[in-house]
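Chains, contacts and geometry: an overview
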Amino acid sequence: MEPRETWVALSALQHLLFCERQAALIHVERLWVEDVNTAQGRLLHERVDLPGHDARPGRRVERAVRLGCQRLRLTGRADLVEYHPDGTSPTGWRPFPVEVKRARRKSEEADRVQLCAQALCLEEMHGVDVPEGALFHGAEHRRQAVRFDARLRTLTEDAVARMHELLARCQVPAVPRAPKCEKCSLESMCLPQVTAGQRRASDHLRRMVEPVEF
Amino acid sequence: MTTALNTLFITLEGARLNKEGERVVVTLHDEKKAEVPLRHLRSVVCLARAWMTPELLESCVEAGIHVSFFGMTGRFLVRVEGLPGGNVLLRRAQFRVADDGARTLEIARAVVVGKLGNARQFLMHARRDAVEERKPVLEEAVRRLSGHLRALERAEDLEQVRGLEGIAARDYFEVFPSLLKGEARRFTFDGRNRRPPRDPLNALLSFGYALLAQECAGALAGVGLDPAVGFLHEDRPGRLSLALDLMEELRAPVVDRLVFSLVNRGQLKPEDFKTEAAGGVLLRDEARKAFLVAYQGAKQVEVQHVFLGQQTSWGLVPHLQALLLARVLRGELDGYPPFAVR
Ligand code: SF4
């Protein structure tokens, strides 16, 4: 029998770096949440004009590109991939992933990891090295180059491995309430005040049956 | 979870619903009647024979907007859903708990504690506003409910829990005539009856419970639970047993409270109902609309969620409770905490 296959969604990595429970609620428990999933879907179809994104001759831009990496069992879409002409590449092209962040950054590291994961997919799919990409922050109108160095690649592969583990075990880790919960789009579904065992249903039920006074 | 709680109720016979851009557009005989952005909606409820384009249906399913169709009397017909949400392992956990007598008993007991506890609070509030001569009747009913709540703690099996629930329901509905004020005393109420309801108050209760049951079913499906596999209510084909379980604690504070506030404020009168040849009672069209508007308004009202320690709105309560129930089944909580009215 084939081992049960799990695939990690590219988008899961930034969820994972933000909070393991968030990643598991979305990707294991499949809780539906408007501002994570559907907003992302809409973003793909939005035409974003990128400053610093000049129409240099020979440069190609592809949007909503489907990506996958068989080695890491990683799959998803890139908002935008630029293909730069490059004589040193065997194909004559060099893919350059650009991740568009509309909202204010939650975690820069998470964005870099997600971008690096796209690079890993592009390397496998095109058979060329992808040393660099860019993050574009919509709110700040700023484009920032990201180098995929050894440290970032290790961090990314470790995150993929951890996500595979959560998916394979169908695990939803219990995480105590933290300050970041305030910024979390899943807070209303995660109910972090309950998860870490801070509240007991039995006490609540006991209070509900207490006699009342007129 | 979305914070948009809006339900689009369709009461126009023959209405057509289609999608224009990111909006739902309702037309009747080519005349535009309403227009709502999709992102403001959480459900679409068709109470008249309406027609919806496949394109709109697809968008609703993708955006997690529940679509349901009811017959003219408020009888539920169909709910449209995409792939079941949530995790299949959560549903398996639900089935295992439903097969486990001891755990089923604990959840069923909690559900009835929620129902009686909130019914008691409803009567306590009514007593506060009641004229002196009515107070003893209401106090007696509260005392009885308190007794049943104590007995529940000692119930040893599901039959006892269900038995206590039945007795408590009779004690509760018995005082309903005492809740009517002024002009509203023209309404009569001789116990709960249904299928079909045989007086206006029962017709209102049935209509309200049918709407609430669908919201509970949608909330359960939304977190990935199977609305048909219940604990207090046993499985029966064609019945949304878990939705009925979830609804128990909300009947009094949501539907009963709304019904009495509408009749006591004179917004609904006995003339707003019609009686069929065989004695079944129906809301007239205007009354149905008035009820739906009030129901939608009630969902926006803020309440304190005692267990979670946060403010929320009535409309979100079924969803929060469904999430809490999922936590119980997943083993993250030591029992089911019903919503408690203060
Ligand atoms: S609310 Fe907190 S614990 Fe829950 S998923 Fe979000 S960040 Fe993680």
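Calculation notes
Residues numbered from 1 in each chain as written. Chains lettered and ligands numbered in written order. Predicted model: local features only at pLDDT ≥ 70, side-chain atom pairs only at ≥ 80, totals over all residues. Heavy atoms only, no water. UniProt positions renumbered as here; feature names shortened; annotations may be inferred. Buried < 20%, exposed > 50% of the residue type's maximum accessible area, 1.4 Å probe, protein only. Helix = DSSP H or I, 4+ residues; strand = E, 2+ residues; numbered from the N terminus. Domains from an automatic or database assignment. Contact = heavy atoms within 4.5 Å. Buried area = accessible area lost by both parts, 1.4 Å probe. Salt bridge = Lys/Arg side-chain N within 4 Å of Asp/Glu carboxyl O. Pairing = 2+ DSSP bridges. Axes fitted to C-alpha atoms, helices over the stretch in contact; angles between N-to-C directions.

As recorded by an unreviewed UniProt entry, chain B carries the name CRISPR-associated endonuclease Cas1 and is attributed to Myxococcus stipitatus. Its UniProt record gives chain B the following Sequence similarities (unreviewed entry) comment, quoted word for word: "Belongs to the CRISPR-associated endonuclease Cas1 family." The Subunit (unreviewed entry) comment attached to chain B in UniProt states, word for word, "Homodimer, forms a heterotetramer with a Cas2 homodimer."

Looking at an unreviewed UniProt entry, one finds chain A named CRISPR-associated exonuclease Cas4 and attributed to Myxococcus stipitatus. Annotation of chain A in UniProt includes, under Sequence similarities (unreviewed entry), the sentence "Belongs to the CRISPR-associated exonuclease Cas4 family."

Digging into helix α2 (residues 20-27) of chain A
Buried residues dominate α2(A), accounting for seven of its eight residues. For α2(A), the complete set of buried residues consists of A:Arg21, A:Gln22, A:Ala23, A:Ala24, A:Leu25, A:Ile26 and A:His27.

A look at the domain arrangement of chain B
All names here are of chain B. Domain annotation of chain B identifies domain 1 (2-85) and domain 2 (91-330). One C-alpha centre belongs to domain 1, the other to domain 2; they are set 26 Å apart. Between domain 1 and domain 2, the residue contacts involve 19 residues of the former and 24 residues of the latter. Both sides of the domain 1 and domain 2 interface together cover about 1,800 Å² of buried area, and 59% of this is carbon and sulfur. Summed over the shared surface of domain 1 and domain 2, the number is zero salt bridges.

What to know about the sheet that holds strand β1 (residues 6-10) of chain B
All names here are of chain B. The mixed open sheet is built from four strands, whose spatial order is β1-β5-β7-β8. Among the strands making up the open sheet, the edge pair consists of β1 and β8 (76-80). The sheet shows a mean angle of 20 degrees between the axes of neighbouring strands, taken without regard to direction. One ladder, built from four bridges, connects strand β7 (residues 66-70) with β8; its direction is antiparallel.

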